[in-house]
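Below are the chains, spelled out letter by letter.
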Amino acid sequence: MTTRRTRPAPRPPEGTPPRTELARQARAVLADAVRIAHWAAGTPGPGTAPLAAHALERAATALELSPAQVRAGWDRARLAGLIELHGDTARPGWRLRAWDRDDSAVLRGWVALFDAWSLVHAAPADIEAGAVAEAVEAVPQVLSLLQLSAGPVTVPALLDLLGQRVAELQEERCEVPLGPGRTAPVPAEAGARAGTAESAAGPARSADLNALLLDWALEGLAAVGALTLGKGHATLTPLGNWAVWVKLEQICVAAQSPAGNIEQSAADMLLGCARLTPGPARAEYRAWLAARTVGSAVAELLAVARGEDALLRGLAFEALRVVGAPAEPEVRAVLTEPSLRPYALLWLAEYEGNDPDDAQEVLSREEATWLWVDTAAAVADHGETGLLVRHLDSAVQGTVPALLEEVRAVGHPRTVQVLVALAAAHPDPALAKAVRRAAFQVHTGGA
């Protein structure tokens, strides 16, 4: 029992379809991506991103899709967490395993794709990168207007809002547009700053540029199933309306705690304890362990830890801490498994008497960075937006540029999704832009 008061879950807007219907729509949007993910997971050596040419041809033939459809589905499958790349091997993500039976996994996969709309639908090549970044930062306001309007919104109204928001962003950065023939001092660091050329070109060109960027953004959001485009207007789909409402309310689609944890599998028991405070959670772990032999319980917990859900990985080792000494040989044996090694090292350090606050010192820099990404993946999948932003403070690197550099190098399969989620959540536009750029570079395999 716990007396902790919890905030009741807000109700979605009237008219929002039930979760089963939203999940059905999300499955329809990602149908090709799911087919390609199943194909890639069962095919040796499908290639790295972007999909290798020989694998592209094989997939197109096997799935009876065009090469363009295969390439688009491949990108969507990766961004939605349906497949994960480990070197040159594609493995099914945990969402793909749960796709047919877990509506929450489906909706979270679609939301991950929704957050990455600017990666799904590439911006026109002749638009300066800084102008694109400003448009991406302004899109949440456009989506809010669409959600609050609860119906079609004309393109001129959306364009006016986009222009206002871009102007605010430029003003915040002291990039006020100038009229024709006027010049202004440019700080030294602004040489690479996006948008300077467009700003100096005058208001008319800025309006044309905003119109082009709005068209791109609306097409990108339509491509992921967030809205529909009519003649001169846009309307959020039920999925898009629900997703914007979720973000505005700062809630997440989390698995419901099952009743009767003692009778559940290790995975369901851990999910059932995910929202408990440490004390009640440990009591649940002890009750679950008491109903099983130690060997079978430890084996089941480690099997869960080897899965694709980062939250369950961390919780499995929390439960193993309750087991204590009998689990030590099995925990030590998994030190050779890269995905479990950081957790096992911390478990052993605490088991051997180290203070939990000092246990992090047993991790190498690379192991600590891998663990940071894995924990961020758990927060992105099951936590709240604010937790993901605050997770930045726990990184060992000390600065965001250093963190991004090492995160890109560590090779965690969820890196792109974590960076996209962090960029979508962070309130600092400059930092969000840097994180978004890093996500794009990892996604495309760039330096």
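The numbering scheme is per chain: residues are counted from 1 as the chain's sequence reads. Only residues with pLDDT of 70 or above have their local features reported here, since the model is predicted, and side-chain atom pairs are shown and tallied only from 80 upward, although totals for entire chains, interfaces and linings are computed over all residues. The side-chain numbers reported here are obtained from all heavy atoms of the structure, hydrogens and water having been left aside.

Turning next to the overall build of the protein chain. Counting its regular elements, the protein chain contains 23 helices and five strands. When the 447 residues of the protein chain are sorted by exposure, 48% land in the buried category. In the protein chain, the proportion of contacts linking residues at least 24 apart, taken out of those at least 6 apart, comes to 66%. Entry remark: accessible area of the protein chain is about 21300 Å², with carbon and sulfur atoms responsible for 55%. A run of H or I in DSSP counts as a helix once it spans at least four residues, and a run of E counts as a strand once it spans at least two, with each numbered from the N terminus. Any residue under 20% of the maximum accessible area for its type is buried, any over 50% is exposed, and the rest in between are partly exposed; the area is computed with a 1.4 Å probe on protein chains only. Working rule for contacts: check all heavy atoms of both residues, and any pair within 4.5 Å makes them a contact. Computed with the Shrake-Rupley method and a 1.4 Å probe, the accessible areas treat only the protein chains shown as cover for residues.

Further remarks concern the pattern of salt bridges. Salt bridges are identified by distance alone: a Lys or Arg side-chain nitrogen within 4 Å of an Asp or Glu carboxyl oxygen. Under the definition given, this model contains 13 salt bridges. Ionic pairing is found between Arg 97 and Glu 308, a salt bridge with its closest N-O pair at 3.8 Å. Residue Arg 97 is found in helix α5 (residues 94–98), and its partner Glu 308 is found in the loop between α15 (294–305) and α16 (310–323); the two are separated by 211 residues along the sequence. When its relative accessible area of 52% is taken as the criterion, Arg 97 is described as exposed. In this structure, the salt-bridge partner of Glu 406 is Arg 365, at a minimum N-O distance of 3.0 Å. On the criterion of sequence distance, the pair formed by Glu 406 in helix α21 (residues 400–410) and Arg 365 in helix α19 (residues 365–382) is long-range, its members being 41 residues apart. Classification of Glu 406 as partly exposed rests on a relative accessible area of 22%. When salt bridges with common partners are traced through the structure, they connect Arg 95, Asp 381 and Arg 414 into a single cluster.

Within a beta sheet, neighbouring strands are joined by backbone hydrogen bonds and run either parallel or antiparallel to one another. Pairing in this open sheet of three strands is antiparallel, and the strands run β3-β5-β4 from one edge to the other. Strands at the two margins of the open sheet, each flanked by one partner only, are β3 (153–154) and β4 (227–230). At least two bridges found by DSSP between two strands are what make those strands a pair. Looking at chain direction, β3 and strand β5 (residues 233–236) are connected through two bridges and run antiparallel. Across the sheet, residue Thr 154 finds its bridge partner in β5, namely His 233. The strands that helix α8 (residues 129–149) touches are β3, β4 and β5; relative to β5, the one it contacts most, it runs at about 75 degrees. Geometry is summarised by axes, namely lines fitted to C-alpha atoms with helices restricted to the contacting stretch, and by angles between N-to-C directions that run from 0 to 180 degrees.

Once that is clear, we can look at the side chain of Arg 414. By secondary structure assignment, the location of Arg 414 is in the loop between α21 and α22 (415–425). With sequence-adjacent residues up to four places away left out, Arg 414 is seen in contact with Glu 84, Trp 94, Arg 95, Glu 308, Ala 377 and Asp 381.

A separate point is the confidence of the model for the protein chain. When the pLDDT values of the protein chain are averaged, the result is 79; 83% of them are 70 or greater. Confidence of the predictor at the level of single residues is captured by pLDDT, which takes values from 0 to 100. Considering only residues more than four positions removed or in separate chains, one finds that residues 176–205, a stretch of pLDDT under 50, has 29 contacts.

This paragraph deals with the pairing of β4. Here β4 pairs with β5 via four bridges, running antiparallel. Looking at β5, one finds that Gly 230 is bridged to His 233. Hairpin connection, β4 to β5: the antiparallel pair is bridged by two residues, and Gly 232 has positive phi, about 80 degrees.

With that out of the way, let us pick up the packing of aromatic side chains. Whether two aromatic rings pair depends on their centres lying within 6.5 Å, for rings of Phe, Tyr and Trp, where Trp uses its six-membered ring; planes under 30 degrees apart make the pair stacked, over 60 edge-to-face, and the rest tilted. Applying the stated criterion across every chain, the model contains four aromatic pairs. Relative to Phe 114, the ring of Trp 110 has its centre 5.3 Å away and its plane inclined at 10 degrees; by these criteria the two rings are stacked. With a gap of four residues between them, Trp 110 and Phe 114 both fall in helix α6 (residues 103–115), about one helical turn apart. Between the aromatic rings of Phe 317 and Tyr 343, the centroid separation amounts to 5.6 Å while the plane-to-plane angle is 20 degrees, which identifies the pairing as stacked. On the criterion of sequence distance, the pair formed by Phe 317 in helix α16 and Tyr 343 in helix α18 (residues 341–351) is long-range, its members being 26 residues apart. According to the relative accessible area criterion, Phe 317 is buried, its value standing at 1%.

Turning our attention to the packing of helix α13 (residues 266–273) against α15. The contact between α13 and α15 brings their axes to 9 Å, and the two run at 75 degrees. In terms of orientation, α13 and α15 fall into the roughly perpendicular class. In this structure, α13 contributes Ala 266, Ala 267, Met 269 and Leu 270 to the contact, and α15 contributes Glu 300, Leu 301 and Val 304. Considering only residue class, the contact of α13 with α15 consists of six nonpolar, no polar and one charged. In what follows, roughly perpendicular refers to angles from 65 to 115 degrees, roughly parallel to angles under 35, roughly antiparallel to angles over 145, and oblique to any angle outside these ranges. Each residue receives one of three labels: charged for Asp, Glu, Lys and Arg, nonpolar for Ala, Val, Leu, Ile, Met, Phe, Trp, Tyr, Cys and Pro, and polar for the others, Gly being one of them.

You will see that Ala 150, though not glycine, has its phi angle at about 55 degrees, which is positive. Relative to the helices and strands, Ala 150 resides in the loop between α8 and β3.

Contact geometry for helix α2 (residues 31–41) and helix α4 (residues 67–79): axes closest at 8 Å, N-to-C directions at 85 degrees. Taken together, α2 and α4 sit at an angle that is classed as roughly perpendicular. Seen from α2, the contacting residues are Ala 33, Ile 36, Ala 37 and Ala 40; seen from α4, they are Gln 69, Val 70, Gly 73, Trp 74, Arg 76 and Ala 77. By residue class, the composition of the contact of α2 with α4 is seven nonpolar, two polar and one charged.

As for its position among the elements, Ala 243 is in helix α12 (residues 238–249). When its relative accessible area of 2% is taken as the criterion, Ala 243 is described as buried. Remark: the alpha-carbon pair of Ala 243 and Ala 226, spanning 17 residues in sequence, is separated by 8.3 Å. In this structure Ala 243 touches Trp 110 and Phe 114, once residues within four positions along its chain are discounted.

Among the residues making up helix α1 (residues 19–29), those that are buried are Leu 22, Ala 23, Gln 25 and Ala 26. Summarising the axial view, the buried residues of α1 lie within an arc of 160 degrees, below the 170-degree limit, and thus occupy one face. Summarising the geometry of α1, the exposed residues directed more than 90 degrees from the buried face are Thr 20 and Ala 28. Throughout, the arc means that of the directions going from the helix axis to the C-beta atoms.

As a further point, take the side chain of His 412. Structurally, His 412 is set in the loop between α21 and α22. Polar contacts, as counted here, are pairs of nitrogen or oxygen atoms within 3.5 Å of one another; within protein the pair requires one atom able to donate a hydrogen and one able to accept it, and residues that are adjacent in sequence qualify only if both atoms are side-chain atoms. Separated by 3.0 Å, the side chain of His 412 and the backbone nitrogen of Arg 414 make a polar contact. Setting aside anything within four residues of it in sequence, one finds His 412 in contact with Trp 370, Val 373 and Asp 374.

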